[in-house]
Amino acid sequence: MKLLVYGAGVCGSLFAAHMHEAGHDVSLLARGERLAALRRHGVRLAEEDSPAVRQVPVPVVERPEGGYDLITVFVRAHQADAVLESLAGVPGDVLSMLNWAGGPEALSARIGHKRLLLGFPTTGGTMDGDVVRYRRTNVLTRRVATPIGEPDGRTTPRLERIVETFRTAGINARAEPRMDAWLRTHAASAVPLEQAAYAAGGPEALADDPDAVRGMLHIMRHNLASMETPPVPRAFAALRALPQGPLVAVLRRFLRSPTAVHSGLNNASPSTAAELECLAEQLRARTGAR
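Note that the structure is a prediction, hence the values are computed from the model and not measured. (Residues numbered from 1 in each chain as written. Predicted model: local features only at pLDDT ≥ 70, side-chain atom pairs only at ≥ 80, totals over all residues. Heavy atoms only, no water.)

Engineer: Honestly, unusual backbone geometry in this entry has me stumped. Any pointers?
Structural biologist: Phi is mostly negative for residues that are not glycine, and the peptide bonds are mostly trans. Pro233 follows Val232 through a cis peptide bond whose omega is 0 degrees. Summarising the element assignment, Pro233 is placed in the loop between helix H9 (210-226) and helix H10 (238-241). (Helix = DSSP H or I, 4+ residues; strand = E, 2+ residues; numbered from the N terminus.)

Right, dumping it as structure tokens:
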């Protein structure tokens, strides 16, 4: 498969490295200092705080070159319009791996509805200079599959082909027929979490403030109740149904865990704030969420 990975942050870099090591024809699109670093060293990966860094020589480009079997887009939500418009004339199906609550129509309007697929990366980590420090896998994270779906929920030959290709590259992927609802459910719960962590100065600082965690949970519950469809996956319904006390305890324990610490919850960059505001506006526009 000939692939273009648009976006060389944590998730895009990890995905490109996996696909390159699996033998696919992959190009990783980057700009500025990130492009220069990738040209010098390739994708540099380390597991959490490990001193061991490995280098994967993924080819990098500054702009699309020719056509592709699949273009995967790993950028911030507020960057989506410009990125997709730049891909309008580049042949190939487009898999949006965005944190997105604005519906598929807003995405397909830029590139054509026949080209679009929806997905979400379940990997995570942080950037340490030019090193991607990714989360250590465990029994729980191995069971969490990367969801991919057609905007209309159909199971198509191209969807089956993409899922199988990802699986053979070691990426735990699965077809998700309700991908739009999945993305909105994720945003309804993740936006309050990330905004609260951003305001507190990180997940561990948020865990030390139970009142802030309770306020965050209240907004999550409001957002999920405002959705016009049931949460996807259904397990998110527990955020609405379980008593507040045990949920606050679970959330505080999660915020202190390595999974939370080695994630975007520790990213206090302006781009994080811009994406969160974009997602919050999408939620308000579609459901009246906060």
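Engineer: What am I meant to see in the packing of aromatic side chains here?
Structural biologist: Taken as a whole, this structure holds 3 aromatic pairs when the rule is applied. Pairing Phe15 with Phe166 gives two aromatic rings, centres 5.1 Å apart and planes at 70 degrees, and the pair type is edge-to-face. You can see Phe15 sitting in helix H1 (residues 10-21) and its partner Phe166 sitting in helix H6 (residues 157-168), a full 151 residues away along the chain. What makes Phe15 buried here is its relative accessible area of 7%. On the basis of relative accessibility, which here comes to 1%, the residue Phe166 falls in the buried class. (Phe/Tyr/Trp six-rings, centres within 6.5 Å; stacked < 30°, edge-to-face > 60°. Buried < 20%, exposed > 50% of the residue type's maximum accessible area, 1.4 Å probe, protein only.)

Engineer: So what exactly am I meant to see when it comes to the sheet that holds strand E12 (residues 173-175) here?
Structural biologist: One key point about sheets: their strands pair by backbone hydrogen bonds, in either a parallel or an antiparallel sense. Ordered by their spatial adjacency, 8 strands build an open sheet running E5-E2-E1-E6-E7-E8-E11-E12, and the pairing between neighbours is mixed. Only two strands of the sheet have a single partner each, and these edge strands are strand E5 (60-61) and E12. With 2 bridges joining them, strand E2 (residues 25-29) and E5 adopt parallel strand pairing. In the sheet register, Leu28 faces E5, and the bridge partner there is Val60. In the packing of H1 onto the sheet, contacts are made with strand E1 (2-6), E2 and strand E6 (70-73), and the angle to E2 comes to roughly 160 degrees. Contacting strand E7 (93-96) and strand E8 (116-119), helix H4 (residues 104-111) crosses the sheet at an angle of about 140 degrees to E8. (Pairing = 2+ DSSP bridges. Contact = heavy atoms within 4.5 Å. Axes fitted to C-alpha atoms, helices over the stretch in contact; angles between N-to-C directions.)

Engineer: I would appreciate a short explanation of the packing of helix H7 (residues 179-200) against helix H13 (residues 270-287) in the present structure.
Structural biologist: When two helices pack together, their arrangement is given by the angle between the helix axes and by the axis-to-axis distance. Where H7 contacts H13, the axes come no closer than 10 Å and their chain directions differ by 130 degrees. In terms of orientation, H7 and H13 fall into the oblique class. In this structure, H7 crosses over H13, and the sense of that crossing is left-handed. Contact residues: Asp180, Arg184, Ala187, Ala188, Val191, Glu194, Gln195 and Tyr198 in H7; Thr272, Ala273, Leu276, Leu279, Ala280, Leu283 and Arg286 in H13. Residues of the contact of H7 with H13, tallied by class, amount to 9 nonpolar, 2 polar and 4 charged. (Parallel < 35°, antiparallel > 145°, perpendicular 65-115°, else oblique. Left-handed = near helix turned anticlockwise from the far one by under 90°. Nonpolar A, V, L, I, M, F, W, Y, C, P; charged D, E, K, R; others polar.)

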